[in-house]
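The primary structure of each chain is shown beneath.
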Amino acid sequence: SQQGEEDPQALSIQEGENATMNCSYKTSINNLQWYRQNSGRGLVHLILIRSNEREKHSGRLRVTLDTSKKSSSLLITASRAADTASYFCATDTSASKIIFGSGTRLSIRP
Amino acid sequence: GAVVSQHPSRVICKSGTSVKIECRSLDFQATTMFWYRQFPKQSLMLMATSNEGSKATYEQGVEKDKFLINHASLTLSTLTVTSAHPEDSSFYICSAFLSTDTQYFGPGTRLTVL
């Protein structure tokens with residue numbers, strides 16, 4: 001089962017622009033993570049935000065978490081061609097399971 | 001470097017055969033590992049929780065007799081796809097649980113059933 005949905009499902013932007021992806025989830029969480037996956041490859045862990053945190057930064061990444069709305073957003077600033085990938089949010093549940101959102105396919109146009 | 005490995009990275013098999021995929025934690029012991037399946041252009045779907053020394057627990061809709069999981073040691077879990085069919089072709093990813101905030105994912109195994 002999937003914990004939640006991400007939107008948009010697909011996003012195409014010009015290189016240099018900012019990309020924003022949103023994630024909604026259903027149950028209470030301990031933390032929320034964002035992962036990147038290049039086509040046909042494994043997952044790359046980007047950032048983890050705990051349930052008591054509201055915002056976190058890592059390089060060009062900015063993540064927000066609103067537990068009252070059960071939602072999170074990932075902002076990638078100054079996008080690059082190498083950012084082209086699928087991005088997934090993932091929430092931990094009871095029994096330490098990590099459940100993934102539906103994902104956003106990001107394409108960066110040169 | 002990688003802390004969780006999977007073997008093989010790719011496998012092609014004939015319909016009706018069984019395929020075993022290994023997931024190893026390299027630098028730590030993992031009493032709990034997880035198996036996911038990912039179809040093309042879709043998200044990762046949790047299949048089962050692999051517990052060292054006890055039976056795996058399967059998510060709803062996942063056939064336990066079809067996907068056999070053995071967690072024989074603290075560093076190794078195996079997933080066997082029995083009597084594989086073309087619809088089982090997928091990307092299988094494992095993860096190893098270290099702590100509440102730390103879970104490491106393997107690089108994945110691409111299974112193609114002809």
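Numbering of residues starts from 1 in each chain and follows the order in which that chain's sequence is written. All chains are assigned letters beginning with A, and all ligands numbers beginning with 1, in the order in which they are written. Given that the model is predicted, a residue must reach a pLDDT of at least 70 before its local features are reported, and side-chain atom pairs must reach 80 or more before they are shown or counted; all residues, however, enter totals for whole chains, interfaces and linings. Only hydrogens and water are removed before side-chain values are computed, so all heavy atoms of the structure are retained for them.

A few words on the overall build of chain A. Under the DSSP-based scheme used, a helix requires at least four consecutive residues in state H or I and a strand at least two consecutive residues in state E, with every element numbered from the N terminus. Helices and strands together make up the secondary structure of chain A, namely zero helices and 11 strands. For 110 residues, the compact-globule estimate of 2.2 N^0.38 gives 13 Å, and chain A sits close to it at 13 Å. Accessibility here uses a 1.4 Å probe with only protein chains present; expressed as a share of the type maximum, an area under 20% marks a residue as buried, one over 50% as exposed, and anything in between as partly exposed. Within the span of chain A, comprising 110 residues, buried residues form 45% of the whole. Pairs of residues are marked as contacts when any of their non-hydrogen atoms sit within 4.5 Å. Long-range contacts, defined as pairs at least 24 residues apart, comprise 53% of the intrachain contacts of chain A with a sequence gap of at least 6. All tallies of charge rest on Lys and Arg as positive and Asp and Glu as negative; His and the ends of each chain are not included. By convention, the point assigned to a charge is CZ for Arg, NZ for Lys, CD for Glu and CG for Asp. Side-chain charges in chain A split into 14 positive and 10 negative, and the spacing between the mean points of these groups amounts to 4 Å. With the radius of gyration taken over C-alpha atoms, the globule rule is written as 2.2 Å times the number of residues to the power 0.38.

Here we take up the pattern of salt bridges. When a carboxyl oxygen of Asp or Glu is within 4 Å of a side-chain nitrogen of Lys or Arg, the pair counts as a salt bridge. In this structure the tally under the stated criterion is six salt bridges over all chains. We note a salt bridge from Asp83(A) to Arg60(A), for which the minimum N-O separation is 2.9 Å. With a gap of 23 residues between them, Asp83(A) in the loop between strand E8 (71–76) and strand E9 (85–92) and Arg60(A) in the loop between strand E6 (55–58) and strand E7 (61–66) connect regions that are remote in the sequence. Judged by its relative accessible area of 6%, Asp83(A) falls in the buried class. The partly exposed category is assigned to Arg60(A), whose relative accessible area is 22%. As a salt-bridge pair, Lys97(A) and Glu59(B) come within 2.7 Å of each other at their nearest N and O atoms. Note that Lys97(A) is positioned in the loop between E9 and strand E10 (98–100) and Glu59(B) in the loop between strand E6 (57–58) and strand E7 (67–73), a pairing that runs across two chains.

The next thing to look at is the pairing of strand E5 (residues 44–51) of chain B. Residue and element names in this part refer to chain B. With respect to burial, E5 is a largely interior element, seven of its eight residues being buried. Between any two strands, at least two bridges found by DSSP are needed for them to pair. Note: strand E4 (residues 32–38) against E5, seven bridges, orientation antiparallel. Within E5, the position partnered with Met-33 by the bridge is Ser-50. Here E4 folds back onto E5, and the loop between the two strands holds five residues, one of which, Lys-41, carries a positive phi near 60°. Direction of pairing for E5 relative to E6: antiparallel, over a ladder of two bridges. When the sheet's bridge partners are listed, Thr-49 is paired in E6 with Thr-57. The turn linking E5 back onto E6 is made up of five residues, and Gly-53 within it adopts a positive phi angle of 85°.

It is worth spelling out the side chain of Ser72(A) at this point. All names here are of chain A. Locating Ser-72 in the fold gives a position in strand E8. Residue classification places Ser-72 among the buried positions, given a relative accessible area of 4%. Sequence-distant contacts of Ser-72, defined by excluding residues within four places in its chain, comprise Met-21, Asn-22, Cys-23, Leu-32, Trp-34, Val-63, Thr-64 and Leu-65.

Below, the discussion takes up the nonpolar core. Nonpolar side chains tend toward joint burial in soluble globular proteins. As used here, the term nonpolar core means buried Ala, Val, Leu, Ile, Met, Phe, Trp, Tyr and Cys residues forming a set that is joined through side-chain atoms within 4.5 Å. Ranked by internal contacts, the top residues of the largest apolar core, which has 25 residues, are Val4(B), Trp35(B), Phe67(B), Leu79(B), Tyr92(B) and Leu111(B). Those elements giving two or more residues to this core turn out to be strand E2 (10–13), strand E3 (19–25), E4, E5, E7, strand E8 (76–81), strand E9 (90–99) and strand E11 (109–113) of chain B. Formed by 22 residues, the second largest nonpolar core is a distinct cluster that contains Met21(A), Ile29(A), Ile49(A) and Leu106(A).

Turning to the interface of chain A and chain B, a few remarks are in order. The interface of chain A with chain B comprises 23 residues on the first partner and 20 residues on the second. For the pair chain A and chain B, the two sides together bury roughly 1700 Å², of which 53% comes from carbon and sulfur. Scanning the region where chain A abuts chain B turns up one salt bridge. Any pair of nitrogen or oxygen atoms within 3.5 Å is treated as a polar contact; in protein, a donor-acceptor pairing is required on top of that, and neighbouring residues in sequence qualify only through side-chain atoms on both sides. Here chain A is connected to chain B by four residue pairs in polar contact (both at pLDDT 80 or more). Those elements that provide at least two residues to the side of chain A that touches chain B are strand E4 (31–37), strand E5 (43–50), E9 and E10 of chain A. Here the buried area means the combined drop in accessible surface, using a 1.4 Å probe, for two parts upon being joined, counting both sides.

Turning next to the packing of aromatic side chains. Pairs were defined over the aromatic rings of Phe, Tyr and Trp, the Trp ring being its six-membered one, requiring ring centres within 6.5 Å. Orientation was assigned from the angle between planes: stacked under 30 degrees, edge-to-face over 60, tilted for the rest. Under the definition given, this model contains eight aromatic pairs over all chains. Where Phe88(A) meets Phe100(A), the ring centres are 6.4 Å apart and the plane angle is 85°; that geometry is what we call edge-to-face. One end of the pair, Phe88(A), is in strand E9; the other, Phe100(A), is in strand E10, and 12 residues separate them in sequence. When the ring of Phe100(A) is compared with that of Tyr36(B), the centres are 5.5 Å apart and the planes differ by 85°; the resulting orientation is edge-to-face. Highlighted residues: Phe100(A) in strand E10 and Tyr36(B) in strand E4, drawn from two different chains. Given the relative accessible area of 1%, Tyr36(B) is considered buried. An aromatic cluster of at least three residues, connected via ring pairs, comprises Tyr35(A), Phe88(A), Phe100(A), Tyr36(B) and Phe105(B).

Nothing here speaks to function; it is all geometry.
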